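Structural features, examined
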Amino acid sequence: MCGIIGYVGNEECAPILLDGLRRLEYRGYDSAGVAVHDGQELRVLRAAGKLTALGDALGRNPVHGATGIGHTRWATHGKPSEHNAHPHVSGNVAVVHNGIIENHVELKTELKASGRVFKSDTDTEIVAHLIDLALGRGLELFEAVRETLKVLRGAYAIAVLSKDDPSRIILAKNASPLVLGVGDGVMLAASDVPALLSHTRDVIFLEDGDLAEIRREGAKIVRVDGGPVERPVTRITWSLMQAERGGFKHFMLKEIHEQPRAIEDTLRGRVNLDEGGLEAGEMGLDAETAKKIRRVVFLACGTSYHAALHGRYLLESLARVEAVAELASEFRYRDPVVGEGDLVVAVSQSGETADTLAAAKEARERGARVLAVVNVQGSAIARAAHGTLYTHAGPEIGVASTKCFTAQQAALTMLAIHVGRSRGALSVEKGRALLQELVEVPAKMRETLAGARHVEGIARSIVHARDALFLGRGLSAAVALEGALKLKEISYIHAEGYAGGEMKHGPLALVDRDMPVVCLLPSDSTLEKMLSNVQEVRARDGVVIAVLDEPSVARDIAAHTIVVPRAAEAVSPLVTSVPLQLLSYYVADHRGTDVDQPRNLAKTVTVE
Ligand code: G6P
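Residues numbered from 1 in each chain as written. Predicted model: local features only at pLDDT ≥ 70, side-chain atom pairs only at ≥ 80, totals over all residues. Heavy atoms only, no water.

1. A look at the overall build of the protein
Across its full length, the protein carries 18 helices and 26 strands. Computed over C-alpha atoms, the radius of gyration of the protein comes to 25 Å, within 12% of the 25 Å expected from 2.2 N^0.38 for 608 residues, which places it in the range of a compact globule. Summarising its shape, the C-alpha atoms of the protein cover approximately 80 × 55 × 45 Å along the three principal directions. Buried residues in the protein amount to 61% of all 608 residues. Within the protein, residue pairs in contact and separated by at least 24 positions form 72% of the contacts whose partners lie at least 6 positions apart. Side chains of the protein carry 69 positive and 78 negative charges; the gap between the two charge centres is 1 Å. (Helix = DSSP H or I, 4+ residues; strand = E, 2+ residues; numbered from the N terminus. Rg over C-alpha atoms; globule rule 2.2 N^0.38 Å. Buried < 20%, exposed > 50% of the residue type's maximum accessible area, 1.4 Å probe, protein only. Contact = heavy atoms within 4.5 Å. Lys, Arg positive; Asp, Glu negative; His and termini not counted. Charge placed at Lys NZ, Arg CZ, Asp CG, Glu CD.)

Following this line, the structure appears as structure tokens:
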């Protein structure tokens, strides 16, 4: 989704804006632009395509000034093009916006009827016109923005810069992220923290309904419909290095290799091996509350949904609670039965996915208890929940989620153990044994990562495949779904994940000698049945790629084997997910796709 950056300070801001936008590239975008106040005029430069195009435009037409706003646009209304790129200007004001103005059709009709001429196809330009009109009625800038916000419906984070006042930027937030950076004689604003880290670690997360003004000296924050509010300054502990590529060819590869650390950080301080349980006060889920849970409803989208399936399976098998996992985008539109007694677990790496956020809010309104399993501190879903269980995977930049996924699996395994122990479904010994297995996962991941070259060799052999299948049963069925999603999103090879038992109900018809079939065969309760499914594939000449912990198991049926260390059934998906990520990564890399920013996809999906 779009990225916003704003700067008020003493330095030339164009390079600072460009650098900030680079750090927001992971959000996905298709055009970019800046507006810089040069002391007299607003200088606006925009370009379709990647940031290098904007950088080139700035090289040809340098702009000087110490106050500016910048934007990367992920098209929602109007094609990705220079004329639709932000900032949008009306009169003396320039506006950048992330989100969607839902009542844009009626507003645009009214504005056109009053003689306003539009230069773009965007909903954002409406905002610039409305502010300009309010200024024309004699309001000063801050109040003009406030008046404008009152007529907007929908999601927005906006930043406004006026030709009449280079000393400040006006900002507003509703349902799209916006965070302020507090420096020494400099203030910034951005859609996400990595864009601020080269300037400051002190940030202020704006809340929905906040209107702010930043000047060099500091920030003023009010409620759009009320008076001033105090928002705490949060010190960010992530280093900028953590948000950079660190020697790997792509962020995705770096993030795959960071998984052992991500799991260790997620477990850190929480695992109590003596008690066979968890220390996780932030969840707001003490034993008494856990005992009263009637049902657990997992809500998520994309890769997080596959982690939710893992959670659902374990909540049932370990904690003996009825559990369901639902796509958040479906759940909220079907008048679901949810309410008191339900624990709703909203799973999201970004904590900002619009559908997951709205579904969690709706469930909360209906009386459910909401637990956020998110990776971004202070994100919208975390704030909308009663309790949080943060995955401490660090910033994930590659659009396709990897380390956040396995950190989610780890967090949800902990949750299942915690609820199981609290309800007496798990003994101390069983809890302890499972936690011990979790603690051993990072070492098993490291061992698996050491075999990356072998996986790359297999990837080469399927680089030209047109389709691929991924099969697993039980917990590995979710791994298969995730393996297929990973391959299709970054390599653009059509791939499907299936529960092994469903093979003969359709997909088997597709299998021939050109079809790679990745089969998850860990030594668990489903192995025997899975082996029968793999035989069916082999009998149709399918190219079996077996992921297993006992090489002899697939000796006669697999064209390729990937051996991983053996792990208990509850945690083996954390280990078997790793070679599937590597396989997708190397296939995509050899096909030469834009691995970190696959076409048409965005990291943080803030529209529904
Ligand atoms: C996008 C990302 C995926 C992610 C999904 C859900 O589609 O590309 O990697 O799984 O959104 O995002 P969330 O932040 O809620 O986990």
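2. Looking at the domain arrangement of the protein
Parsing the protein into structural domains produces domain 1 (3–236), domain 2 (243–449) and domain 3 (452–591). At the interface, nine residues of domain 1 touch 10 residues of domain 2. Between domain 1 and domain 2 lies a buried interface of about 810 Å² when both sides are counted; carbon and sulfur atoms form 53% of it. Of all residues in domain 1, the largest losses of buried area upon contact with domain 2 belong to Arg23, Tyr26 and Phe205, amounting jointly to 45% of the total for that side. There are two salt bridges connecting domain 1 and domain 2. Measuring nitrogen to oxygen at the nearest pair gives 3.9 Å for the salt bridge that ties Lys361 to Asp208. Linking domain 1 with domain 2 are one residue pair in polar contact (both at pLDDT 80 or more). (Domains from an automatic or database assignment. Buried area = accessible area lost by both parts, 1.4 Å probe. Salt bridge = Lys/Arg side-chain N within 4 Å of Asp/Glu carboxyl O. Polar contact = N/O pair within 3.5 Å; in protein donor to acceptor, adjacent residues only side chain to side chain.)

3. Some remarks on the packing of aromatic side chains
Counted under the stated rule, the structure contains one aromatic pair. Aromatic pair Tyr585 and Tyr586: ring centres 5.2 Å apart, planes at 75 degrees, arrangement edge-to-face. Above the face of the Phe118 ring, Lys108 is positioned so that its terminal group lies 4.8 Å from the ring centre. Over the face of the ring belonging to Tyr492 we find Arg599, whose NZ or CZ atom lies 3.8 Å from the ring centre. (Phe/Tyr/Trp six-rings, centres within 6.5 Å; stacked < 30°, edge-to-face > 60°. Lys NZ or Arg CZ within 6 Å of the ring centre and 35° of its normal.)

4. Thoughts on the pattern of salt bridges
Summed over all chains, the structure comprises 39 salt bridges. Notably, a salt bridge pairs Glu456 with Arg453, separated by 2.0 Å at the nearest N-O pair. Separated by three residues within a single helix, Glu456 and Arg453 lie in helix H15 (residues 452–461), roughly one turn from each other. Overall, Glu456 belongs to the buried group, its relative accessible area being 9%. Linked by salt bridges that have partners in common, Glu140, Asp165, Arg168, Glu213 and Arg215 make up one network.

5. A short note on the nonpolar core
Phe298, Leu315, Val345 and Leu415 are the most contacted members of the largest nonpolar core, which totals 85 residues. The element best represented in this core is helix H18 (residues 572–591), accounting for 10 residues. Residues lining this core come from more than one domain, with at least three contributed by each of domain 2 (243–449) and domain 3 (452–591). Non-local contacts of Leu315, meaning those with residues more than four positions away in its chain, are made with Val296, Phe298, Arg320, Val321, Ala323, Leu415, Ala416 and Val419. One finds Tyr7, Leu17, Leu21 and Phe205 within the second-largest nonpolar core, a separate group that totals 34 residues. (Core = buried A, V, L, I, M, F, W, Y, C linked by side-chain atoms within 4.5 Å.)

6. Comments concerning the packing of helix H1 (residues 13–22) against helix H2 (residues 51–60)
Axis separation between H1 and H2 bottoms out at 11 Å; the angle between their running directions is 175 degrees. Considering the angle they form, H1 stands roughly antiparallel to H2. On H2, the residues touching Ala14, Leu18, Leu21 and Arg22 of H1 are Leu51, Leu54, Gly55 and Leu58. Across the contact of H1 with H2, the residue classes tally to six nonpolar, one polar and one charged. (Axes fitted to C-alpha atoms, helices over the stretch in contact; angles between N-to-C directions. Parallel < 35°, antiparallel > 145°, perpendicular 65-115°, else oblique. Nonpolar A, V, L, I, M, F, W, Y, C, P; charged D, E, K, R; others polar.)

7. What to know about the environment of Ala190
Among the structural elements, Ala190 can be located in strand E10 (residues 187–190). You can call Ala190 buried: its relative accessible area is 0%. It is 23 Å that separates the C-alpha atoms of Ala190 and Glu41, two residues lying 149 residues apart in sequence. If near-sequence neighbours (up to four positions away) are discounted, Ala190 is found in contact with Ile4, Ile5, Leu178, Val179, Ala195 and Leu196.

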